[in-house]
Every structure is written in structure tokens, then in C-alpha cells.
Amino acid sequence: MRPALPEPFYARCIADPPRFAPLEGTHEADLVVVGGGFTGLSAALAAAEAGRSVVLLEAGRLAAGASGRNGGQLHSGQRQDVLWLETHFGYGRALALWRFGEAAKAHVLGLIDRFGIECNLQRGLIHALHKPGLVIEAKEHVEALGDRYSYPVEYLGREETAAALGSRAYFGAIRDPGGAHLDPLRLAHGLARAAVSAGAALHEESAATALSRHGAGPLVRTARGEVRARHVIVATNGRSNGLERATRRRTLGINSYMVATEPLGPLGDTILPGGEGASDSRFVVRYWRKLADGRLTFGGGESNAGRIPSDIRSFVLPHLLDVYPQLKDVGIAHAWGGIVTVTKPRLPFVREIAPQVWAAAGFSGQGVGLAPYVGRLLVERLHGRGGELDLYTRLHIPPLPSSTWMRRALVSLAIWYGRLGD
Ligand SMILES: Cc1cc2nc3c(=O)[nH]c(=O)nc-3n(C[C@H](O)[C@H](O)[C@H](O)COP(=O)(O)OP(=O)(O)OC[C@H]3O[C@@H](n4cnc5c(N)ncnc54)[C@H](O)[C@@H]3O)c2cc1C
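Every value quoted in this text rests on a predicted model; they were computed, and no experiment measured them.

Some points on helix α5 (residues 135-148)
Helix length check: α5, at 14 residues, gives a terminal C-alpha distance of 20 Å against a target of 20 Å (1.5 Å per residue), a fit within 8%. Taken together, the buried positions of α5 are Val135, Ala138, His141, Val142, Ala144 and Leu145. Where α5 is buried, its residues touch α3 (82-89), α4 (91-114), β4 (122-129), β5 (154-156) and β6 (172-181). Immediately downstream of α5, the backbone of Ser150 shows phi near 50 degrees, a positive value.

Written as C-alpha cells, this is what we have:
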């Protein structure tokens, strides 16, 4: 076992990442954003565009967390599908939550378009069924989306699925032409550049170490500086190193691991020939897509946040070869991992956690679309708008055990139990 997660493959492909100096000295701002992932960068951009003074503090490099290391799939709706949402909340709220997810997707696509962010965006996602018993529910899901949500997706039978994926490992699939996939680190860098152009001050290597009060407003401290603000947005994805406890209590971190292959050449021609990204129905989900140069990135295998495999490529490879045995001789260029932060209901925790301090965390594997949108809505909420956010602020997100040992045990147990079901 080794202590730290390696950098993502995406970082190796970017020659000129933006760099920002650490915060030094005493400053004042309308808004301090803590955390430089999708939530924080989008919030900083929205606030700067609205003419507010913004300071963003990132503990490491921008998008050092999940935003720069993920599978890059821009999903439709929420992490929970509409049938689950209807069962738990009724059709009206399910529809509102679905529309929220769609607005989030449109928001990201709009940002990419408006700022000309080159992040290798490609349309289409395939959700593959790993057990025959899932086919009936998948067909109901397709029907519900078309009939009650006016969102046509396509059911693929076993042979069509094999052709669409280049794999015979699945029993059927849903093709979502409105989903998309992209290079997440490039997206984060694009948002950072847009935020800076709009006037935001970004600081890397500037972990917020304390959150207290100064007169009527919050005060955020780092090792070498401090900012007095009117508002603070904590966008640390539930992992702020003791800065606050509200988001940590409601989220759990699950390590998910990925590899990038060497370019596949002609062997890759039959894999995802339609250019979609893919994921499957397993509890320990597998997700993959091809990059512009013909490599495959593949995610598979999870562990609790305290247990990083010493050889991540060997950890992920069996999952990849299970889906694509034809790749047994293909080289693995790089392996890495990231922490997926989940809540119990797999819907995000968004709250005002102290006067003038808001936080969002736990996008549960759906943050490529949802996190930037929530970042923007949080800024609107600070100024009396952003009413859609109530869909999240009113959700009951139960607290989880606070002891690290218990939390890791819970994750290990969930993975073990989930794998049994898989
Ligand atoms: C391997 C993997 C695959 C995934 N695949 C997908 C996918 O395909 N599609 C999808 O929608 N979602 C996916 N996700 C989830 C998605 O990446 C997240 O939901 C999303 O990036 C969350 O963004 P965020 O800004 O809230 O958090 P993060 O990106 O985690 O950002 C939080 C930031 O806060 C910083 N920070 C923490 N503490 C402090 C502090 N005290 N001071 C300053 N900064 C601090 C961290 O360094 C970090 O950069 C995946 C996640 C992982 C790990």
C-alpha cells in the first residue's frame, strides 16, 4: 500500500497548465471560495462575471481533487435515475430534479462553448447492463424518460450493445445521445482562465486553515495570508482537512481507480465506434472512453480512502480485460485514482453551514455536470436568487459516523457487499 494517489494521465498531456501564486498578506473580498475544483472554479467565475471581488483558495494545484482526475462523463439528470426519484419523492419532484440535471448539463456545455474551452468534448453515453435481470427495468427507464420526461434515449439489445461497445460482456444498454464526455482537467483549466479574465484572484498552494469571524463577516486564513469576506463558499467536496465538519459528516470518500492505455491502433476500431463514453450497471462501476489519440481510459476497482493499492494498474486491469479481453497485450501508459465523494442518498449536500458560509459536496459520481452548476447557483443564492437550489437544500442528507475508522469500514463493507451483488 502507498500513501498518495498518483497524478492523473490528463496532467501529463497538458504542457502549459495555468499556475497561480499562493495567497500572501491580508485581503478583503465580497466572496472567498475555498477549493479549486468544478464547484469552486464555477462559483469564482460566476461571481467575477457579476462584478464581485472574489478570492479562490486551492490547497494544492487547481483541480487536484476529483475534478482533475475523473472519468469525464457528462451524465444526464441526477445520479439516481428517474424511477428511483419517483419512488422516493413522487413524480413532481422527480421531474424538477431531472430538469435541474438537464440545466446543469446545458450550463457546462454553454461554458465550454462561450469560453471556447478545448476539452475534447464528444457527444453520447452508453450505460451497459451487466446482468440479464436488469433488462426489464432498463426498458421501463427508457419508456419513462420518453413518456414522462420528454427525453428520448435508445434501448440497445444484446447484439446492438456488443457492436456499440466492441464488447460481448453486456446484456443490453441504454444509449443517451444527449450525454457527453470530455477531458476534465482541460475543462477545469478553461474555467480557471475564464474566471481570471473576469477578474477573480486565484491562489494555489493556499490551503484554508481556519474559518472564523471578523466583525460582521467571515474570515478565512491560510498559512501566509487571510481574507475578510462578505461570503464564503466551501467547495472542498467534503474533504477540507478540518476546516468545517458539516460536509465531512454527510459524505464518504471512495477511491476509484483508472488507467490509460497506449494508443490502441486498429485494435481500437471496434471499441466504441460511435465515439460515445460508457459506464456499466455494477455497484463497483466501470467507466471508459476513448481519447482523441486512440487511447482508452478505463475506470474500475474501488477501495476505501485509506487503502491505496501499491500497483494500481494490476488492480484495474482485470476489470478492463473482463470487458475487453482483446486488449490483453496492450500497454498501460499510466494508472491513477481519485476520491469519489458520496452521500447516503447519492444526491449532493448543499447548505448554509454557518452565517454567510455555504457549502456543497457529495456529487456522488455526477459532478462533471452538477458541480459547476451548483457553484453558479450558490453565487446567485448569496444575492437572493438561485431558487432552484432549494431542490438540494431541502433534501435530507443524513449524517454518517464521524470516526475515520468507522467510515473506512463502512466503505469497505459497501464495496464488498456491492461486489457480491455484481
Ligand atoms: C476517479 C473518478 C471518476 C469520476 N468520474 C466521474 C464522471 O465520469 N462523471 C461525473 O459526473 N463525475 C465523476 N466523478 C466525480 C466528479 O469528479 C466530482 O463530483 C466533481 O469533480 C466534484 O467537484 P468539486 O469541485 O465539488 O470537488 P473537487 O474537484 O474534489 O475539488 C475540491 C478541491 O478543494 C481543495 N481543498 C480541499 N481542502 C481545502 C482547503 N482546506 N483549502 C483549500 N482547498 C481545499 C482540494 O484540493 C480540491 O482541489 C469522478 C470522480 C473520481 C474521483
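Now, onward.
A look at the UniProt feature "domain: FAD dependent oxidoreductase" (unreviewed entry) in the protein
Under the feature "domain: FAD dependent oxidoreductase" (unreviewed entry), the UniProt entry names residues 30-381. Note that residues 30-381 is 32% helix and 30% strand, and that its end C-alpha atoms are spaced 14 Å apart.

A word on the packing of aromatic side chains
Counting across every chain of the model gives eleven aromatic pairs. A ring pair is formed by Trp84 and Phe89, whose centres lie 6.0 Å apart and whose planes are at 80 degrees; its orientation type is edge-to-face. Overall, Trp84 belongs to the partly exposed group, its relative accessible area being 23%. Between Trp288 and Tyr324, the aromatic rings sit 6.1 Å apart at their centres with planes inclined by 85 degrees, giving edge-to-face as the arrangement. With Trp288 in strand β13 (residues 287-290) and Tyr324 in the loop between α9 (312-323) and β15 (332-342), this pair connects stretches of sequence that are 36 residues apart. Exposure class is identical for Trp288 and Tyr324. Each is buried. The structure contains a cluster of three or more aromatic residues connected by ring pairs, namely Tyr91, Trp98, Tyr149 and Tyr151.

Criteria and cut-off values
- Residues numbered from 1 in each chain as written.
- Predicted model: local features only at pLDDT ≥ 70, side-chain atom pairs only at ≥ 80, totals over all residues.
- Heavy atoms only, no water.
- Helix = DSSP H or I, 4+ residues; strand = E, 2+ residues; numbered from the N terminus.
- Expected span 1.5 Å × (residues − 1).
- Buried < 20%, exposed > 50% of the residue type's maximum accessible area, 1.4 Å probe, protein only.
- Contact = heavy atoms within 4.5 Å.
- UniProt positions renumbered as here; feature names shortened; annotations may be inferred.
- Phe/Tyr/Trp six-rings, centres within 6.5 Å; stacked < 30°, edge-to-face > 60°.

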